[in-house]
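# Geometric and topological summary
So the chains spell out like this:
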Amino acid sequence: MLAVTELTFSYRPGGEELFGALTREFLPGAVTALTGASGRGKSTLLYLLGLLLRPRTGQVLIDGVVASSLSDEECSGLRATRIGFVFQDAALDPSRTILDAVVEPALYAGATITAVRPRALQLLDEFGLAHRATHRPGQISGGQAQRVALCRALITNPSIILADEPTGNLDMDSAEMVLSALVAASTQGRTVIIATHNAYVVERAADVVQL
Amino acid sequence: MKPLMLLREAWVSTFTRVVPAVMVAVLCASMCATTLLTVGRTASAEADVMARMEQAGSLELVIGDNRNAGLLSPTVVNNVAALDVVERAVGLGSAVDVRSGTLAAGGNRVPAWGVVGDITAVATLIGGRFPLPGEALVSQAALEKLGHDYPTGYVTQGSVDYPIVGVFVAREPFSDLAAGVVFVAEVGTPAHTLHVITHTAAAAVLTQRLVLAIVSAPKLEDLTVQSATALAALQGEIAGDFGLFGRQLLLLVLGAGALLTGVVVLADVLLRRADLGRRRALGATRRILIALVMLRALIAALFGVVLGSAASLIVLTVWDVSVPTVFVIATVVLTLLAALAAALGPAVKAATLDPVTVLRTP
């Protein structure tokens, strides 16, 4: 279970304080949408939940453990094994193959490429991208790139998926495909949290956090 | 992350962006080549100079018995020859003129020296046999001057005759003897001068002290001493100068190379900020990022040192300069260490980049 208690954050001491002591649980098996006007901290909350930022006050809890107080090394370990990230621009290395991109988090989690390759190919197959495994990101469409990012987020079978505007740069069809994949990931018991402006995404979410 | 996977990741990412890798490789090749072609050549020149200074001619200590007081007896000569620091020691009498005793006309006069001690210390036999006391060896030049066709007969000095039993060539540093005759002095005859060849110039001071102790002249004025102690001091100074110059040059080359390598690696890190931020977000620890940046530099540097040392060795071969293998290995290792040291700062910078800032900056 992912939760925050009394959470506040500011980018600099004395700066604008965000979240107003937010306390909340994020349900497993459901999609939660983080929405609100620009500058209200949607992406920032996502990065706090992903342990890339430290709260000014309050805590981030993962399965009852105060994850926001863990060491940097332990936070990295949690990101590699328990948390999957999907970024707005997919964030794929243009010089590496799609297969290399998908296996990357598993390598940080301690897997070997030989051990993780079958699962990576299986995920690419599920998302209709198996034939693109040896291609470079520049050779696939934006929608396909975002599906590759989803495969990468799922490679370590994490319990939490954090998506930052995953449909922001996509056309309607591609956005629907990505959103469906995220919903499908949640139905397998994962906590899926999406930071979004998109009203359609908010409609599809089981839970909404208005910032 | 498993070490093998880290190595694979570093290897692959080195070659996916070749420009910084090539620049690091070129810099390391230049460091290696410059070191070998300058410092290596200096080291080689130093070795040549030292070798020349170590030649026998430069290692000779000559003690003269000014008053022919019998200070340089055969026992003294033998005791000096037995010293560990001494390569050879031999006594010579004053030069005398001899002429052929075989030819009626007597032929030309040639110089002759009586040898006290081991005659092989001054002469290498090229014909006949080594002489017994009272017998002589003659050089080829002296043989011709005496008017002998063969090394037979005898030479005479006043009423003393010396049968010729062989031909010799003079050993270094006794080239003066090449013009004449050497004969084994009668048993018990003291030498006029004692010639001592040390193993190294560095041993000159000690040898002189030991030899003077063995000679034990009642008054020091009774002896003349020509020694290689000044040469030993000069040798030390030259070695020091060469060493200092070499070290300074090495530091300059490696320092400048490391600085430029550091700049290239830092530029690479800054250009790859998005890549590094993504890796952190996906679970890479700071240590992984540091290792990744340093391994990438090391891989590029490895290619550089192989290229640089191979090219330098070819040039040195063309120049006919021999650099010791250990120096080549040391240069390669130092260049790699310099590259690693240069990459450390940028690697730490990479590890401390804020992934959120990087990910949110277009």
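Residues numbered from 1 in each chain as written. Chains lettered and ligands numbered in written order. Predicted model: local features only at pLDDT ≥ 70, side-chain atom pairs only at ≥ 80, totals over all residues. Heavy atoms only, no water.

### Brief notes about a nonpolar patch on the surface
Residues and elements named next belong to chain B. As a reminder, the rule being used: Candidate patch residues must exceed 30% relative accessible area and have no salt bridge, after which like charges are joined if within 9 Å and Val, Leu, Ile, Met, Phe, Trp or Tyr side chains if within 5 Å. Surface accessibility in these figures is a Shrake-Rupley result with a 1.4 Å probe; residues are shielded only by whichever protein chains are displayed. Within this document, salt bridges are pairs made up of a side-chain nitrogen of Lys or Arg and a carboxyl oxygen of Asp or Glu, the two lying within 4 Å of each other. Each helix is a run of DSSP H or I of at least 4 residues and each strand a run of E of at least 2, with the numbering of both proceeding from the N terminus. Relative accessibility thresholds used throughout: buried, under 20% of the residue-type maximum; exposed, over 50%; partly exposed, between the two (1.4 Å probe, protein chains only).
Residues Trp 11, Phe 15, Val 18, Val 19, Val 22, Met 23, Val 26 and Phe 303 make up a contiguous nonpolar surface patch of about 750 Å² in total accessible area. A total of five residues in the nonpolar patch trace back to one element, the largest contributor, which is helix H2 (residues 18–53). Mapped onto the fold, Trp 11 is located in helix H1 (residues 3–16). By relative accessible area, which is 42% here, Trp 11 ends up partly exposed.

### So, the environment of Thr 32 of chain A
All names here are of chain A. What counts is decided by this rule: Contacts are assigned to residue pairs that have any heavy atoms within 4.5 Å of one another.
Note that Thr 32 resides in strand E3 (residues 30–35). Between the alpha carbons of Thr 32 and Val 192 there is a distance of 6.2 Å; along the sequence they are 160 residues apart. The contacts of Thr 32, once residues within four sequence positions are left out, are Phe 26, Leu 27, Val 192, Ile 193, Ile 194, Ala 205, Asp 207 and Val 209.

### As for the domain arrangement of chain B
To keep things clear, this is the line we draw: Domain borders in the structure are assigned automatically or taken from a domain database.
Each assigned domain of chain B is listed with its residue range as follows: domain 1 (3–52 + 235–360) and domain 2 (56–228). Each of domain 1 of chain B and domain 2 of chain B has a C-alpha centre, and the two are 59 Å apart.

### Concerning the packing of helix H3 (residues 74–81) of chain B against helix H5 (residues 204–215) of chain B
Residues and elements named next belong to chain B. The cut-off we apply is this: To get an axis, a line is fitted to the C-alpha atoms, and for a helix only the part in contact is used. The angle between two axes follows their N-to-C directions and goes from 0 to 180 degrees. To sort the angles, those under 35 degrees are grouped as roughly parallel, those over 145 as roughly antiparallel, those from 65 to 115 as roughly perpendicular, and the leftovers as oblique. Helix crossings are classified by the rotation of the near helix relative to the far one: an anticlockwise turn of less than a right angle makes the crossing left-handed, while a clockwise turn makes it right-handed. Classification used: nonpolar for Ala, Val, Leu, Ile, Met, Phe, Trp, Tyr, Cys and Pro, charged for Asp, Glu, Lys and Arg, polar for all others including Gly.
One way to put it is that H3 packs onto H5 with a least axis distance of 10 Å and a crossing angle of 155°. When the axes of H3 and H5 are compared, the pair comes out roughly antiparallel. In this structure, H3 meets H5 at a crossing whose hand is right-handed. Contacts from Val 76, Asn 79 and Val 80 of H3 reach H5 at Val 211, Ile 214 and Val 215. Residue classes in the contact of H3 with H5 are distributed as five nonpolar, one polar and no charged.

### A few points about the sheet that holds strand E7 (residues 160–164) of chain A
Residues and elements named next belong to chain A. Note the following rule: Should DSSP find at least two bridges between two strands, the strands are taken to pair.
Strand order across the open sheet formed by five strands is E6-E7-E8-E3-E9, with parallel pairing between neighbours. The sheet is open, and its two borders are formed by strand E6 (83–86) and strand E9 (207–210), each paired with just one other strand. Ignoring which end each strand starts from, the neighbouring axes of this sheet average 15° apart. Pairing of E7 with strand E8 (residues 191–195) involves five bridges; the strand directions are parallel. Looking across to E8, one finds that Ile 161 is bridged to Val 192. Sheet contacts for helix H6 (residues 172–187): E3, E7 and E8; angle to E8, the most-contacted strand, approximately 150°.

### Section: the packing of aromatic side chains
This is how the line gets drawn: Two aromatic rings, drawn from Phe, Tyr or Trp (for Trp, its six-membered ring), form a pair once their centres lie within 6.5 Å of each other, and the interplanar angle then sorts them: stacked below 30 degrees, edge-to-face above 60, tilted otherwise.
Evaluation of the coordinates by the stated rule reveals seven aromatic pairs over all chains. Measuring from ring centre to ring centre gives 6.1 Å for Trp 11 of chain B and Phe 303 of chain B, while their planes differ by 45°; the resulting arrangement is tilted. Of this pair, Trp 11 of chain B sits in helix H1 while Phe 303 of chain B sits in helix H8 (residues 286–318), placing them 292 residues apart in sequence. Where Phe 15 of chain B meets Phe 303 of chain B, the ring centres are 5.8 Å apart and the plane angle is 85°; that geometry is what we call edge-to-face. With Phe 15 of chain B in helix H1 and Phe 303 of chain B in helix H8, this pair connects stretches of sequence that are 288 residues apart. In this structure Phe 15 of chain B comes out as partly exposed when scored by relative accessible area, which is 38%. Among the aromatic residues, those joined into a ring-pair cluster are Tyr 47, Phe 85 and Phe 87 of chain A.

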